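Results of the structural survey
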Amino acid sequence: MDDQSTAYEWAKTYNFTEQEIHYATILALKILDDECQMDYDNYNLFMSVYDGIKDKVNTPFNLSVHSIIDLARAKDPIKADPIYKDMIGELRVTMMKDMEKPIMKAYKNLVWDVVSC
């Protein structure tokens, strides 16, 4: 199983906190807005985790954000469709207002630790 599949399957079963779900969503927006400074493999890895979280039946997602992310990814899983680029950017800025870098780092480390096992 590759890292993306592992990440997706893990995310579908892991009991994320609401804060971790929020940070997964922020990271998805950052990737789609081309504001994230990771490599292509990590983009795919974290989008796989996001997909695993959003595919859970009872995940507390803001449905409008989730829908916009889905629309923006319709053509490419890690690059926003230009039609939705401005909307993705605005959502990213709004959701990042209260973001704390240490918590984002902890979320990323959680994912990397699971996938590297």
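Everything numeric here is computed off the predicted structure, so don't read it as measured data.

Scanning the model with the defined rule gives five salt bridges in all. In this structure, Arg-92 engages Asp-33 in a salt bridge whose closest nitrogen and oxygen atoms are separated by 2.6 Å. Taken together, the residues span a long stretch of sequence, with Arg-92 in helix 5 (residues 85–96) and Asp-33 in the loop between helix 2 (18–32) and helix 3 (40–54) at a distance of 59 residues. Measuring nitrogen to oxygen at the nearest pair gives 3.3 Å for the salt bridge that ties Lys-75 to Asp-81. The buried category is assigned to Asp-81, whose relative accessible area is 8%. Each of Asp-33, Lys-85 and Arg-92 takes part in salt bridges that share partners, so that together they form one network.

This part is about the packing of helix 3 against helix 6 (residues 101–115). Helix packing geometry: the angle between the two helix axes and the distance between the axes. Put simply, helix 3 and helix 6 touch, their axes get as near as 11 Å, and they point 95° apart. When the axis of helix 3 is compared with that of helix 6, the two are roughly perpendicular. Where helix 3 approaches helix 6, its residues Asn-42, Leu-45, Phe-46, Val-49 and Ile-53 are matched on the opposing element by Tyr-107, Lys-108, Val-111, Trp-112 and Val-115. Its residues assigned to classes, the contact of helix 3 with helix 6 shows eight nonpolar, one polar and one charged.

Ranked by internal contacts, the top residues of the largest apolar core, which has 37 residues, are Phe-16, Ile-31, Val-49 and Tyr-107. Elements supplying a minimum of two residues to this core: helix 1 (3–13), helix 2, helix 3, helix 4 (63–72), helix 5 and helix 6.

Enumeration over the complete set of coordinates arrives at five aromatic pairs. Between Trp-10 and Tyr-14, the ring centres sit 4.8 Å apart and the planes meet at 40°, which makes this aromatic pair tilted. Residue Trp-10 is classed as buried on the basis of its relative accessible area, which comes to 13%. Taking relative accessible area as the criterion, Tyr-14 reaches 27% and is therefore assigned partly exposed. Relative to Phe-16, the ring of Tyr-14 has its centre 4.7 Å away and its plane inclined at 70°; by these criteria the two rings are edge-to-face.

Rules and cut-offs
Residues numbered from 1 in each chain as written. Predicted model: local features only at pLDDT ≥ 70, side-chain atom pairs only at ≥ 80, totals over all residues. Heavy atoms only, no water. Salt bridge = Lys/Arg side-chain N within 4 Å of Asp/Glu carboxyl O. Helix = DSSP H or I, 4+ residues; strand = E, 2+ residues; numbered from the N terminus. Buried < 20%, exposed > 50% of the residue type's maximum accessible area, 1.4 Å probe, protein only. Axes fitted to C-alpha atoms, helices over the stretch in contact; angles between N-to-C directions. Parallel < 35°, antiparallel > 145°, perpendicular 65-115°, else oblique. Contact = heavy atoms within 4.5 Å. Nonpolar A, V, L, I, M, F, W, Y, C, P; charged D, E, K, R; others polar. Core = buried A, V, L, I, M, F, W, Y, C linked by side-chain atoms within 4.5 Å. Phe/Tyr/Trp six-rings, centres within 6.5 Å; stacked < 30°, edge-to-face > 60°.

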